[in-house]
Structure formats: structure tokens, C-alpha cells
Amino acid sequence: MSVSNNFLRLGVLSALVGMSLGVWMGANQDFVLRPVHAHINLIGFASMMLFGLFYRSFPASAQGWLPRAHFVLSVLGFLILMPCLTLMLLGRPVFMPAMIASEIMLVSSMLMFVVIVFMATLKNGEPTAA
Ligand code: HEM
């Protein structure tokens, strides 16, 4: 599995979904789901694309269990948080434990990414081939 490619693919798909939701909100003048739109675009599109591009720049960092765990936790957290947030904004705050779990997953995945970035940049500061 290429962590980089998977992040990039998820990123562009998120952009498509997030922008479509933005178009829908504008067309219907219904902005209740504005935070969902913002998070699909910013966690889904912006962050995932940055993760993918990082792993392209530092291919050695994409090897091993840590980047895989980073990917799995990011995607699971994102895919669970978006529907939970949608339901909460629509006045149906069900699945709250799942929502909290997804937030923990996202923060944990970012903690892993912090370790990955520091390991990559402390080595010699230059991208290294896999
Ligand atoms: C086709 C592209 C897009 C459309 C049609 C669109 C549409 C919208 C609309 C209608 C709103 C609500 C404005 C309001 O409340 O007055 C909004 C808010 C927002 N959009 Fe987009 N958007 C698009 C792309 C993006 C992208 C690419 C990003 C980020 C990468 C983004 C981030 C945001 C943010 C942060 C907000 C504010 C959310 C808030 O105030 O809670 N949007 N957008």
C-alpha cells in the first residue's frame, strides 16, 4: 500500500464531496452544514493532500508501521467524524461516543505525524530515497 498515493486519492475525493456540499448550500441558501463543508475541505482535502505530498517528499518516512497507522487512524477518524457532526448539526446528537472516539483517533494520528515529521527532519534535514 502506498501511503502517499492513498492520501492523495482521498484528498481529491474529499475536495469533490466538500465542494459539492458547498454548491448545494449556496443553491439552497441552507448553511446549517457549513462546519461539515469546512471540515471535509480542510481535514479531507487540505490535510490529506499535505500528508500525501509530505510522504512524496520524504519517501523513506512512508515505510514501516507508523505511517500506515497514521493513514488508518486519519481515515477512520475522518470517516466517522463527518457523519456524526452532520447528525449533531441536524439536531440528532446520536453516536456521541463514536464522535468522541473519532476525535481521539484524529488527534492521535496527528501525534503520529508529528513524530514522523520530526524523525524525517532531524535525520539530516534532506529528503531521502526509500
Ligand atoms: C466549489 C467550491 C466551494 C463552494 C461552492 C463553497 C461554498 C461555501 C459556502 C456557501 C459557505 C458558507 C458561507 C456563509 O455561511 O455565508 C462556505 C464556507 C466555508 N468554506 Fe467553502 N466552498 C467551496 C470550497 C471550499 C474549500 C476548497 C475550502 C477549504 C479548503 C472551503 C472552506 C470553507 C470554510 C472554512 C468556510 C467557513 C465555515 C464556517 O464559517 O463555519 N470551501 N463555503
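Conventions adopted
Residues numbered from 1 in each chain as written. Predicted model: local features only at pLDDT ≥ 70, side-chain atom pairs only at ≥ 80, totals over all residues. Heavy atoms only, no water. Donors = N, O, S within 2.8 Å, 3.2 Å for Na, K, Ca; no water. Helix = DSSP H or I, 4+ residues; strand = E, 2+ residues; numbered from the N terminus. Axes fitted to C-alpha atoms, helices over the stretch in contact; angles between N-to-C directions. Parallel < 35°, antiparallel > 145°, perpendicular 65-115°, else oblique. Left-handed = near helix turned anticlockwise from the far one by under 90°. Contact = heavy atoms within 4.5 Å. Nonpolar A, V, L, I, M, F, W, Y, C, P; charged D, E, K, R; others polar. Near = heavy atom within 4 Å. Polar contact = N/O pair within 3.5 Å; in protein donor to acceptor, adjacent residues only side chain to side chain. Patch = residues over 30% accessible without salt bridge, like charges linked within 9 Å, V, L, I, M, F, W, Y side chains within 5 Å. Areas by Shrake-Rupley, 256 points an atom, 1.4 Å probe, with all protein chains shown as cover. Salt bridge = Lys/Arg side-chain N within 4 Å of Asp/Glu carboxyl O. Expected span 1.5 Å × (residues − 1). Buried < 20%, exposed > 50% of the residue type's maximum accessible area, 1.4 Å probe, protein only. Core = buried A, V, L, I, M, F, W, Y, C linked by side-chain atoms within 4.5 Å.

*Asks:* Mind showing me how you'd approach the coordination of the iron atom of the ligand here?
*Replies:* Tetrahedral coordination by four donors places them ideally at 109.5 degrees to one another around the metal; octahedral coordination by six donors ideally gives 90 or 180 degrees. The sole protein-derived ligand of the iron atom of the ligand is His37 (NE2), positioned 1.9 Å away. Assignment of secondary structure puts His37 in helix H2 (residues 34-57).

*Asks:* How do you make sense of the packing of helix H1 (residues 3-28) against helix H3 (residues 65-89) when you look at a structure like this?
*Replies:* Describing two packed helices takes the angle between their axes plus the distance from one axis to the other. Direction vectors running N to C along H1 and H3 enclose 20°, while the axes themselves pass 10 Å from each other. Taken as axis vectors, H1 and H3 run roughly parallel relative to one another. For the pair H1 and H3, the sense of crossing is left-handed. Contacts between H1 and H3 pair Val3, Asn6, Phe7, Leu10 and Ser14 from the former with Pro67, Arg68, His70, Phe71, Ser74, Val75 and Phe78 from the latter. Taken together, the residues of the contact of H1 with H3 break down into 7 nonpolar, 4 polar and 1 charged.

*Asks:* How do you make sense of the site of the ligand when you look at a structure like this?
*Replies:* In the neighbourhood of the ligand, the contacting residues comprise Met19, Gly22, Val23, Met25, Phe31, Arg34, His37, Ala38, Asn41 and Leu42. Here a nitrogen atom of the ligand sits 2.8 Å away from a polar atom, N or O, in the side chain of His37. One of the side-chain nitrogen or oxygen atoms of Asn41 is found 3.3 Å away from a nitrogen atom of the ligand. Among the elements of the structure, H1 and H2 are those that each provide at least two residues to the shell around the ligand.

*Asks:* What is the right way to read the packing of H3 against helix H4 (residues 96-123) from this model?
*Replies:* Taken N-terminus to C-terminus, the directions of H3 and H4 make an angle of 150°; their axes are 7 Å apart at the nearest point. Judged by the sense of rotation from one axis to the other, the crossing of H3 with H4 is left-handed. Among the residues forming the contact of H3 with H4, the class breakdown is 20 nonpolar, 6 polar and 1 charged.

*Asks:* How should the environment of Ala120 be read in this particular structure?
*Replies:* Along the chain, Ala120 falls in helix H4. Considering only alpha carbons, one finds Ala120 and Asp30, 90 residues apart in sequence, at a separation of 44 Å.

*Asks:* Would you explain unusual backbone geometry in this entry?
*Replies:* The bulk of non-glycine residues show a negative phi, and the bulk of peptide bonds are trans. Positioned with a positive phi, Gln29 is a non-glycine residue whose angle comes to about 50°. Secondary-structure assignment places Gln29 in the loop between H1 and H2. In this model, Phe95 sits at a positive phi of 55°, which is unusual for a non-glycine residue.

*Asks:* Would you mind showing me how to read a nonpolar patch on the surface here?
*Replies:* On the surface, Val12, Leu13, Leu16 and Val17 cluster together into a nonpolar patch covering about 390 Å² of accessible area. Positionally, Val17 belongs in helix H1.

*Asks:* What am I meant to see in H4 here?
*Replies:* For the α-helix, the turn length of 3.6 residues means that residues three or four positions removed from each other point alike. Along its 28 residues, H4 runs 41 Å from first to last C-alpha, staying within 8% of the 40 Å computed at 1.5 Å per residue. Restricting attention to buried positions, one finds in H4 the residues Met99, Ser102, Met105, Leu106, Ser109, Met112, Phe113, Ile116 and Ala120. Against H2 and H3 lie the buried residues of H4.

*Asks:* Any chance you could explain the nonpolar core here in plain terms?
*Replies:* The nonpolar side chains of soluble globular proteins are, as a tendency, buried together. Core analysis: the biggest nonpolar cluster contains 30 residues, and Phe7, Val36, Met48, Phe54 and Tyr55 have the highest contact counts within it. When contributions to this core are tallied by element, the ones reaching two or more residues are H1, H2, H3 and H4. Considering each element in turn, this core owes the most residues, 9 residues, to H3. Once residues lying within four places of it in the same chain are set aside, the contact partners of Tyr55 are Val3, Ser4, Phe7, Ser61, Ala62, Pro67, His70, Phe113 and Ile116.

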